[in-house]
Amino acid sequence: MSVQRRHDRKFVRTFFTTPTAVKGEEDSAKMLRRAVQLRGIEAPDVWVPDNEDATAPSMREEGAENIVDVLSEDGADFPGEIHPRIVWHRDSPSTRYQSLQQLLQIANPEKGAIEHIDGFVIPEVGDIDDWKKADEFITVVENEYGLEEGSLAMSVIVESGEAELALGDLRDEMGKPSNNLERLFLLVDGEVDYTKDMRAITPTGELPPWPELRHNTSRGASANGLIAIDGPYDDIRDVEGYHERMTENQAKGMLGIWSLTPGQVEEANKSPLPPKTGSWRLDVNGREVKLAEEDGLYIYEGDDVELEEIGDEQYRLQIGSDERELDTNELEEELLDRADYIPSMTDIVDSMEEFEAAKEAGRGAIAMEQSATLLIDGIEVTISNDRMWDEATYQAAQTPISLFQDVYENRPDQHEDLEEIYGEEIVERAMVVG
Amino acid sequence: MSVQRRHDRKFVRTFFTTPTAVKGEEDSAKMLRRAVQLRGIEAPDVWVPDNEDATAPSMREEGAENIVDVLSEDGADFPGEIHPRIVWHRDSPSTRYQSLQQLLQIANPEKGAIEHIDGFVIPEVGDIDDWKKADEFITVVENEYGLEEGSLAMSVIVESGEAELALGDLRDEMGKPSNNLERLFLLVDGEVDYTKDMRAITPTGELPPWPELRHNTSRGASANGLIAIDGPYDDIRDVEGYHERMTENQAKGMLGIWSLTPGQVEEANKSPLPPKTGSWRLDVNGREVKLAEEDGLYIYEGDDVELEEIGDEQYRLQIGSDERELDTNELEEELLDRADYIPSMTDIVDSMEEFEAAKEAGRGAIAMEQSATLLIDGIEVTISNDRMWDEATYQAAQTPISLFQDVYENRPDQHEDLEEIYGEEIVERAMVVG
Amino acid sequence: MSVQRRHDRKFVRTFFTTPTAVKGEEDSAKMLRRAVQLRGIEAPDVWVPDNEDATAPSMREEGAENIVDVLSEDGADFPGEIHPRIVWHRDSPSTRYQSLQQLLQIANPEKGAIEHIDGFVIPEVGDIDDWKKADEFITVVENEYGLEEGSLAMSVIVESGEAELALGDLRDEMGKPSNNLERLFLLVDGEVDYTKDMRAITPTGELPPWPELRHNTSRGASANGLIAIDGPYDDIRDVEGYHERMTENQAKGMLGIWSLTPGQVEEANKSPLPPKTGSWRLDVNGREVKLAEEDGLYIYEGDDVELEEIGDEQYRLQIGSDERELDTNELEEELLDRADYIPSMTDIVDSMEEFEAAKEAGRGAIAMEQSATLLIDGIEVTISNDRMWDEATYQAAQTPISLFQDVYENRPDQHEDLEEIYGEEIVERAMVVG
C-alpha cells in the first residue's frame, strides 16, 4: 500500500495564527472576528485560532469560548480550513489535562463550532508516545461527542529535539490498531521554542537557520503522506527575507509556512506558485542578478560584468576581476553557463503539454529549448539551451502544477485572484494538464 | 517525566585533554602535573587526562598509574570536573578488555584517585549496544569497589557512523532497568576518526565541516538531557578560526568544544558568554563588518559603502556596485535592514529584567528598542529598531544567562575573571535574573 | 564483530547506466553492445544495463533479452562489475512482480549471462521491509537456479523519504537469519525522483542540492560496510560543475557517482584520486584562487590582492577593500593563513612512508613541512607550514591511497592509464604503502 494522503488538502501554503482572546479590548474576540472574515488571497489555507502562545495563559479559558462563539457564527463561510491550537506540553501532565478540557469545551457539538473545525494543532509534543497521548484525547472526545473516530485532524508543532526524532518513528507507528495517528495532517516547525530546547545561542539573538530540522520535517511529511510547514518569520517588515526563506523551504519540499499577518498570508499564498512571466538571471560571482526585460532583450544593468568587442568576432569579457578574451562561440557558451531561466506558469504548462503529446506519440524524451538575447554593454548575445525532458523531469515539474490545481479546487474564493494574476486561458489549461 | 539533567554541570564549555605519559621526559607525568594546576579562566570545565589517542599505546600502562598518582595528590583542588579517557573500540574485544583493566586500575579506591574523578570518557563507541557494554563495565567496577551504582559519569566520543546513528536510539534505551545509561554526561564529536570512518576525502586534507554530525549530536544531547561538545580544532595558531567554529556550534546548540592548550581553554571558556559591550555590524554584500564605536557614534571605515548627500534630504548610497538614490526615510530603512546589533551582557540582563517587570504587571509582550547613530562618509544616520519580546523570546534569550549562572555557581575560581570582564554590578544582577 | 565489507570492491568510483533497448534502431541493443566494449579509464567500476528509467516501459521485455544476449557474448571481458537495474516500486505490487519475472529471465543460467553478473540494482525502494521483499526475490531466484544464497549483490536507489529513513534501520536488520541483506553493495542516491517524492520546487527547475540526503546515505554506507554513490549529474557539458559536485561528495564520504556518458565515467574515475602534482591556493575574500606555478614560484595573477613594499621590511597588503601595513613576519603569517596546499599523490606517499618509518623508530607523531615561495605583484614571499602527523592523520590520509590500491588491484585495464598519469615509480610505491 502506498503512502496515502487522507485529507482534503494535498498542499497547504499558509498557516495563519490569531490570538483567541486579547485583554483590554472591549470585545476580547475582536481579532478572531476580523480574521474569520478574510477571503481570497489574504485568507490562509489553514487558519489557526491560537489558544496557546499567542494568547496570555490567563485569557485561554475565555479564548476557548471565543473560538466557539466566532466559529459557530461565522465559521461556515470561512474559505480555508480551521484548526485551533490548544495547549499541550510533553513535560507537563497538568498542561495535557488542560488540553483535554479545552478539547471538550471547543468540540462540544451543542456549541455549534465543531462542525466548522477540521482539526486541532498540538504544540510542544515530544516522543512519538507523547503524540499518541494527544491522539488518544482526541479519540476520546470524538467518541464522547458521537463524531466519527479519526474525523478530526491533528497537526503538531515540532519544537524539541525529541519531536524531531519522533519524525523518524512515525511510519512505524501510524496504522497500528491501538492509535488513530492517521489523523495527522501538518508537521509544523516551531523554531523559537526549538532554539530554546536545543539551547542554541546566536550573537544577535536571531534564530539559527536549522536546515536539518526543516529537512527532517519535510522528509517525515513525505514518508507519511503529511504536509510540512515552516515556523513563523518574525520580521514582518522584511518581505524580501520572507520570500528568500520560502524559496529555501520549497527546495526542501516544505511548501507551507506560518503567517503572522494577512500581508504575510498573501505573500505565502503566492510564493510557491509559478510566476506570471519568465525571467533570466545571470550568475555574477556567486550572486544571481535578475536581468531586466525590454523589447524582448534581457539587459544586464550592473557594473560587475563588462563586455567589449575587440575585433572581428572577438570579445573581452570581464566579470569581477576575472578577464577573458573570447570568440563568439566561447562568449555564448560562457554566458549560457552563467544564465538561468525561471520559467513562467505558461512555460511549465506548455512544456508539460508538449511532453504529453510526445508521450502519446510514443516518444519517451524530448528536448525543450530555451533561448534569449542578452544585452550587455550594448552588445547583443543570443544564448540557447536544450533541456531533455523525460518522464522523471515531467513528474518533478508537476509539483507546482499539482499545487496550483489543489489550490484552485479547494479555494474558489481565490479564483478571481488567480485569474487576475495569470489570465483565464492559462488557468484553464493548467487545470487539465498533468 | 521531563528530560532530566542528572549531573552537577548543566553546561560545559571546555573539554581539555592532556597526555597521561610522555616518553623521554624524566617525569612522564609532567604534562598531567602541569595541567592539574590550572586555575581560573585557563582551567577547563572538564579536564580529560587522556589515556587513549594523546598517549602512545606503549605508555598507557604507565599513563594509568600517572593518573592515579597525580589525582590522588592534587585532584582535590582542581576547579573543574575530571573525566579521564580510557581505551575502547567497537570493533576490538581486546581493546575493550583493556578498558576494563584500566577502569579497575584507576578506580581502585585504595589508590585515592577515584574520589576526585567525576567519570570516564569512552572513545570509538559504535551501536547503542556497544555503549551498553562500556556502561556495564563501569557498573561492574562501581559494584566491585563499593561505589554507588551510576555515580561515575560516562561520556562518549562520537566518531563513527554507527555512533551517530546510536544518538537516535539513546532515548529509547536510557532508563531501562538492565542498564545504567543515565550515567551519560557528554556527547563529544571526534571528527578526525569520524572522517576516516566515513572515508571522506578533501583536496587539502583538512577536515570536512560535518554540519549534520554536529546537529545530530546536539539534538541527541537535547533529547536526553546531555551536553554536546565539538571535537578538537587542530590549528592552534588560528584563534579567529576557532572562534568562528564556536559561533557556528553555538547556533547548533553545541556550546562546548575540545581544547588542546590552556590558550584554547581560555578562548573557549569565554566564547559562549555574552560580550562586555554591545556592537553594531553592517551587512556589506554578505559580509558582516563590525562598526567602530567612537563618542557614541558607530563608524563604517571600509571602502565598499559610499554615502553622499545630493540634495535636501536626498542621498546617494553605493554598496559594492549597487547604487541608489534615497530620501532620509528610505536611507534609514535601508541601513536598518543591513545593521545588526550584538547585545552585551548588560543589554541582555536589562531586557530580561524589563520583561520580568512587565510580566509581573500583567503584560505578555513588550517592545525593546535598539537605536544607534551610524557615521558613513561623514554623514550621521540614526536608526532605531523595535523588537517584540514575549515569553518565548525571553526564554530563548535566557540560554547565555543560564550558562553564565552555571559557570558562576560551579567555578568559584573564575569569579575574579568574570568580575574583571563584566564588572561586579552586572555579575550580581545576572545571577538573580531569570 | 566489526563492520564487514563483503564484496570484491571496497570502493566504487563510477556507476554507468546504459539503456537496454532503444526503439527505432536496427539493433535495439546497440548501446549495450557499445558500452560492453569500454576499457580503461572510460570503463566504469560498475556498469548498469538499465532496464528501468533509461529504457521505455514498452521496450523492457526486449531489454531483458538484450542484457542476456550481450552479456552472454561479451560480459566475460568487461573490466568492471556488471549490475543490471531491473524495475521495482515500493507502491506497486505489479511492478514488483515484473521485477521477479525480469530476475528469472536474466538470471536463468541456461542463457549464459548470470555468470558475468555481479548483482542487481533495485530502484524506488521504500521502508526496510520493502528492501527485504527485493532481497527475498533474489534469494528465491538464487535457489531456483542453484546459485549460492547471497551470491548476487543487491544495490538500491534511495529516491524517497522512506528509503532515506530505512538507511537508519539497516544495521538493525542486516544479519537477521530471515533475510540475506548482507548481499547489499551500493547505496545510490536518485535525486530526480527523490525531488518528486519530497515535492520540492526550485525556481529554475534544477535539482535541490539535498546535502542531508547525501550525508545520510554516506553514513548508512559507513555503518554497514557498503558504498555510497551520488545520483546523475544531468548537465553533461558542465565538466567543472561535475567536478565541484564530486569534490563536495568526497568531503561527505560519498566517493562514487553516477555517470551518463563515457566522458563522465573518465572524469569520475579520476576525480577521487590524488593529483599528479601539488598546487597552492589562496583564499581571496572567500574564493579559492589557484596559484600558477612557474620556475618553482607560485604566482598570484588576479587583481584582488595587491602587495607593495613601502619601506624596509614593510609592506602594504590589500585584499579586496581590506588594506593593511605589515612587516615581513606579519606578511608571511597573513599569507600562510590564506594559503592552502593540495598535496599530490607523491606528497601523500612520501608523508605516509615518512610516518611509517617514524612509527617503526618508536615515534608517534612527526611534523611534516610544506613550504612555497609566492610571487605577488613582483614580490617574493616564502611561507612555510608545519603540520603534525599522528596515527589519526595517517589513517585519514590513507583513504585516497586505499582507493588507489583498490582500483589498481581490481582494474588491470587501467594500469596503463594510471602509470601514464602518475609515472611507474610512484604507482609502485603507492601500492605498498599503508
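I will try to describe carefully the structure that is included in this document. (Residues numbered from 1 in each chain as written. Chains lettered and ligands numbered in written order. Predicted model: local features only at pLDDT ≥ 70, side-chain atom pairs only at ≥ 80, totals over all residues. Heavy atoms only, no water.)

## A short note on the pattern of salt bridges
Taken as a whole and assessed by the stated rule, the structure comprises 126 salt bridges over all chains. Close ionic contact of E164(B) with R219(C) constitutes a salt bridge, the shortest N to O distance being 3.0 Å. Placement of the pair is E164(B) in helix α5 (residues 161-166) and R219(C) in helix α8 (residues 211-224), with the two residues belonging to separate chains. Note on E164(B): relative accessible area 2%, which makes it buried. Accessibility expressed as a relative area gives 11% for R219(C), which makes it buried. The partner of E288(B) in a salt bridge is R281(B), with the nearest N and O atoms 3.5 Å apart. On the accessibility criterion, R281(B) (18% relative accessible area) is buried. Here the salt bridges share partners, and the residues they tie into one network are R9(A), R13(A), D45(A), D406(A), R411(A) and D413(A). (Salt bridge = Lys/Arg side-chain N within 4 Å of Asp/Glu carboxyl O. Helix = DSSP H or I, 4+ residues; strand = E, 2+ residues; numbered from the N terminus. Buried < 20%, exposed > 50% of the residue type's maximum accessible area, 1.4 Å probe, protein only.)

## Details of the interface of chain C and chain B
Listed by partner, the interface residues are 41 residues for chain C and 29 residues for chain B. Surface buried jointly by chain C and chain B totals about 3,000 Å² across both partners, of which 51% is contributed by carbon and sulfur atoms. When the buried surface of chain C facing chain B is broken down by residue, H215(C), R219(C) and S321(C) rank first, second and third, together holding 19% of it. Seen at the junction of chain C and chain B, the total is six salt bridges. One salt bridge in this structure joins E212(B) and K252(C), with 3.4 Å as the shortest N-O distance. The interface formed by chain C and chain B holds twelve residue pairs in polar contact (both at pLDDT 80 or more) in total. Elements with a minimum of two residues in the side of chain C that touches chain B: α8, α9 (239-250), α11 (328-338), β16 (339-342) and α13 (391-410) of chain C. A per-element tally of the side of chain C that touches chain B places α8(C) first, with seven residues. Of the residues assigned to the side of chain C that touches chain B, the class counts are 17 nonpolar, 13 polar and eleven charged. (Contact = heavy atoms within 4.5 Å. Buried area = accessible area lost by both parts, 1.4 Å probe. Polar contact = N/O pair within 3.5 Å; in protein donor to acceptor, adjacent residues only side chain to side chain. Nonpolar A, V, L, I, M, F, W, Y, C, P; charged D, E, K, R; others polar.)

## Some words on the relation of the copies chain A and chain C
Under the fitted operation, chain A is carried onto chain C by 0.0 Å of movement along the axis and a turn of 120°, and the coordinates agree to an RMSD of 0.0 Å. What we have between these two chains is a three-fold relation. When C-alpha distances to the rotation axis are compared across chain A, the minimum falls at E212(A), with a value of 4.0 Å. When the interface residues of chain A are mapped onto chain C, a mere 2% of them are again interface residues, pointing to distinct binding faces. (Least-squares fit on C-alpha atoms with pLDDT ≥ 70 in both.)

## Let's talk about the sheet that holds strand β1 (residues 14-19) of chain A
Residues and elements named next belong to chain A. One open sheet holds the eight strands; their spatial order is β3-β2-β1-β8-β7-β6-β5-β4, and the pairing between them is parallel. Among the strands making up the open sheet, the edge pair consists of β3 (81-82) and β4 (119-122). Bridge analysis of strand β2 (residues 46-50) against β3 gives two bridges, and the strand direction is parallel. Counterpart to W47 in the pairing with β3 is I82. (Pairing = 2+ DSSP bridges.)

## So, the relation of the copies chain C and chain B
Expressed as a screw transformation, the operator carrying chain C onto chain B has a rotation angle of 120° and an axial translation of 0.1 Å, and the superposed copies differ by an RMSD of 0.1 Å. Little of the interface of chain C is mirrored in chain B: 2% of its interface residues are interface residues there too.

## So, the interface of chain A and chain C
With 41 residues of chain A at the interface, the matching set in chain C holds 29 residues. Carbon and sulfur atoms make up 51% of the area that chain A and chain C hide from each other, which totals about 3,000 Å². Of all residues in chain A, H215(A), R219(A) and S321(A) give up the largest surface area on contact with chain C, accounting jointly for 19% of the area buried on that side. Applying the counting criterion to the chain A and chain C interface returns twelve residue pairs in polar contact (both at pLDDT 80 or more). At the level of secondary structure, the elements contributing two or more residues to the side of chain A that touches chain C comprise α8 (211-224), α9 (239-250), α11 (328-338), β16 (339-342) and α13 (391-410) of chain A. Take the side of chain A that touches chain C: its biggest share by element is seven residues, from α8(A).

In short, shape yes, function no, at least from these values alone.
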